[in-house]
Amino acid sequence: MYVDPNLNPEFKGHLLSLVENIPNIVVMAHHRVEKEDFRSLHGMDLNTVGDHILAGDARLLIDYYRAAQSHVLIETRLDADDALSHHFAESMQGQAASTIGLSTDTMDYRVYCAENHIEWRYYPPNETTGDSYVVHYHNPEFCVNSGLTIGYQLDARERHLIHTEQCYFAFWMDSCGDRPMQIYYENGRQKHRCLARIFMPDQSDQVVLMARTPTAAGMKHVLGTGTDTPYQDTYESHEKQKEAWNMIQKDFSITRQKVVELKHRMEKNIENILHEALLGQCTKHHSCKDSSKKKLGKLLEEAQTRNRG
């Protein structure tokens, strides 16, 4: 897990306390270097990697690094405010083992991304939808960052990919085929270096849960109203919302009540949250969009007006 080396000490302390008893997590103060993957420790020097570790076992990290030099490497991206389903890792490893893991070309790679995801909207489209409004997206033409996975054969590296931003993968990569657990052939050669959709053996297609809150750097869908894209299912009825949250609790262990409580805590500090989010825009290693700054400024003004009213 990578965190900003200049992360607020109080926040960092809370984060480290959450993971201190989880043995397979290593927290590192490091800005990931573009085009570098785990086989190069994302731009860190092996001899000084311990200097970056805030929590976790350095030996565990080094053991995995050495194993990555002689085994197929699978890297999955996950933003701090999003979640993956319980079965994601096991299913993703199985899919990679039966596809890129069987490649006969050591330079091959394969990109996997979710075709569906769920979003919780901090700002619902209207007052009747409540504090726990969720929507479902079917993404046949793009990939979201969370859950995006790249499988590398032994000599493949991230720098061999033309693009590494998730929004480009669905546009420039050929599809691996409509059977995600099967290798296709072209002109007698295995087809890799392509885009596959993530397959879940239990037929559940919801593998990614995203939070659209004012802390989102790009502010995408944070102020969405109505239908943002033709691929959105808004779960309009209360019954559909209830069904969606039952699924979220089962697959992600996140309850509707916890999300409502989270929003209430954020609302108590919303001015500070918006102010810090605005300050973070366009700083080094962070997003820089004029549209995001305008949205945050507008939300901050509205919050100040409400609190002073």
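Here, the structure is the one placed above.
These notes cover the structure that comes with them. Every chain's residues receive numbers from 1 upward, in the order its sequence appears when written. Selection of residues for local features in this predicted model requires a pLDDT of at least 70, selection of side-chain atom pairs for listing and counting requires 80 or more, and totals for whole chains, interfaces and linings are taken over all residues. In computing side-chain values, all of the structure's heavy atoms are included and hydrogens and water are not.

When you go through the chain residue by residue, the secondary structure sums to eight helices and 14 strands. Three exposure classes are used, based on accessible area relative to the maximum for each residue type with a 1.4 Å probe and protein chains only: buried under 20%, partly exposed in between, and exposed over 50%. Residue burial in the chain is summarised as follows: out of 309 residues, 41% are buried. Pairs of residues are marked as contacts when any of their non-hydrogen atoms sit within 4.5 Å. In the chain, 72% of the contacts between residues at least 6 apart in sequence involve partners at least 24 apart. For the chain, the accessible area works out to roughly 17,000 Å², and carbon and sulfur atoms hold 51% of it. The way it works is that DSSP assigns letters per residue, a run of H or I at least four long becomes a helix, a run of E at least two long becomes a strand, and they are numbered from the N terminus. The Shrake-Rupley method, run with a 1.4 Å probe, gives the accessible areas here. Residue values count only the displayed protein chains as cover.

Take unusual backbone geometry next. The residue Leu41 is not glycine, and still its phi comes out positive at about 55°. Here Leu41 lies in the loop between β2 (27-29) and β3 (53-55). For Leu41, a relative accessible area of 2% gives the class buried. The phi dihedral of Ser253 falls on the positive side, at around 60°, and the residue is not glycine. Along the chain, Ser253 turns up in the loop between α5 (238-252) and α6 (256-268).

Whether two strands pair comes down to DSSP finding at least two bridges between them. Spatial strand order, β4-β9-β6-β12: four strands in an open sheet with mixed pairing. The open sheet terminates on both sides in strands that have one partner only, identified here as β4 (73-76) and β12 (195-197). Each adjacent strand pair in this sheet contributes to an overall mean axis angle of 25°, direction not counted. As defined by bridge partners, strand β6 (residues 109-113) adjoins strand β9 (residues 149-152) across four bridges and the pair is classed as antiparallel. Paired with Tyr109 across the strands is Tyr152, a residue of β9. For every element, the axis is a line fit to its C-alpha atoms; helices are fit only across the contacting stretch, and the angle between N-to-C directions ranges from 0 to 180 degrees.

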